[in-house]
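# Observations on the three-dimensional arrangement
In case you want the letters, here they are:
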Amino acid sequence: MPRWLGALEGYYGPPFSHEARLALMEWLGLRGANVFAYAPKHDPKHRAKWREPYDAGEMDHFEELVARGKESGVALCYTITPGLDWSEGDETALIAKLRAFADIGSEAIGVLWDDVPHGGGDLGASHAKGTAAAAEALPGIKWWTVTTDYAVRRPTPYLDAF
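The paragraphs below set out a description of the structure included in this document. Remember, it's a predicted structure, so these values are computed and weren't measured experimentally.

Calculation notes
Residues numbered from 1 in each chain as written. Predicted model: local features only at pLDDT ≥ 70, side-chain atom pairs only at ≥ 80, totals over all residues. Heavy atoms only, no water. Axes fitted to C-alpha atoms, helices over the stretch in contact; angles between N-to-C directions. Helix = DSSP H or I, 4+ residues; strand = E, 2+ residues; numbered from the N terminus. Parallel < 35°, antiparallel > 145°, perpendicular 65-115°, else oblique. Left-handed = near helix turned anticlockwise from the far one by under 90°. Contact = heavy atoms within 4.5 Å. Buried < 20%, exposed > 50% of the residue type's maximum accessible area, 1.4 Å probe, protein only. Polar contact = N/O pair within 3.5 Å; in protein donor to acceptor, adjacent residues only side chain to side chain. Phe/Tyr/Trp six-rings, centres within 6.5 Å; stacked < 30°, edge-to-face > 60°. Expected span 1.5 Å × (residues − 1). Arc of directions from axis to C-beta.

What follows covers the packing of helix H1 (residues 18-30) against helix H2 (residues 56-72). One way to put it is that H1 packs onto H2 with a least axis distance of 8 Å and a crossing angle of 15°. It follows from the interaxial angle that H1 and H2 lie roughly parallel. For the pair H1 and H2, the crossing hand works out as right-handed. Contact residues: His18, Arg21, Leu22, Ala23, Met25, Glu26 and Gly29 in H1; His61, Glu64, Leu65, Arg68, Gly69 and Ser72 in H2.

Once that is clear, we can look at unusual backbone geometry. Of note, Asp115 is a non-glycine position whose phi angle comes to about 55°, a positive value. Looking at the element boundaries, Asp115 is found in the loop between strand E4 (108-112) and helix H4 (121-137).

On to the environment of Leu76. Summarising the element assignment, Leu76 is placed in strand E3 (residues 75-80). By relative accessible area, which is 3% here, Leu76 ends up buried. Remark: the alpha-carbon pair of Leu76 and Ala108, spanning 32 residues in sequence, is separated by 6.4 Å. Beyond its immediate stretch of four places on either side in the chain, Leu76 contacts Met25, Phe36, Tyr38, Phe62, Leu65, Val66, Ser106, Glu107 and Ala108.

Quick look at the side chain of Thr131 now. Relative to the elements of secondary structure, Thr131 occurs in helix H4. Residue classification places Thr131 among the buried positions, given a relative accessible area of 12%. Engagement of the side chain of Thr131 in a polar contact is seen with the side chain of Trp113, the distance being 3.0 Å. Contact partners of Thr131, with chain neighbours within four places excluded, come to Val111, Trp113, Thr145 and Phe162.

Now for the packing of aromatic side chains. Tallied over the entire structure, the rule returns 12 aromatic pairs. Ring geometry for Tyr54 versus Phe62: centroids 4.9 Å apart, planes at 70°, classification edge-to-face. Take Phe62: its relative accessible area is 6%, and that puts it in the buried class.

Along the chain, the position of Glu9 falls in strand E1 (residues 6-9). Owing to a relative accessible area of 0%, Glu9 belongs among the buried residues under this scheme. One polar contact links the side chain of Glu9 to the main-chain amide nitrogen of Phe16, over a distance of 2.7 Å. The residues touching Glu9, leaving out its near neighbours within four places in the chain, are Pro15, Phe16, Arg21, Phe36, Ala37, Tyr38, Ala39 and Pro40.

With that settled, the discussion passes to helix H3 (residues 91-103). Helical periodicity: at 3.6 residues per turn, an α-helix aligns residues three or four positions apart in one direction. Under the 1.5 Å per step criterion, the end-to-end length of H3 is 18 Å for 13 residues, consistent within 8% with the ideal 18 Å. Of all the positions in H3, only Glu91, Leu94, Ile95, Lys97, Leu98 and Phe101 are classed as buried. Looking straight down H3, one finds its buried side chains confined to an arc of 165°; they lie on one side. Residues Thr92 and Asp103 are exposed on H3 and point more than 90 degrees away from its buried face. Structurally, H3 contributes buried residues whose contacts are with H2, E3, E4, H4 and strand E5 (142-146).

Laid out in structure tokens, this is it:
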């Protein structure tokens, strides 16, 4: 199993600026880290409006992050949080959104199901199906996921189904 060491921009509040992300990728590389996970909760296209594609200018910024990461030895791990309004059949939209990041050279992708309403086994199975469909559609990517139930003392029906 490869070692992942890096930073996660995964908080609530104003996202980093593009310049700050570029500087962080360089800083991480100088310190031996190898991944930067993009997951700002207040980026609407990461979370609340996850189905919407990023525009050309936004994708140019992500492509620049991928390039800076390659120069610094730090992979950009683009993550998405589709769980606020996930429905059966959303796999196609999820794959399309993530394919854009694979196409610009992102080596790692994450599907995050945290900080969404909890559910039982049906929800866990649906989240697992979405994650598996994306992983199958985009081979060669390093995958990361966070389930809805993650800080628990014992298995839940959600986790059993995932």
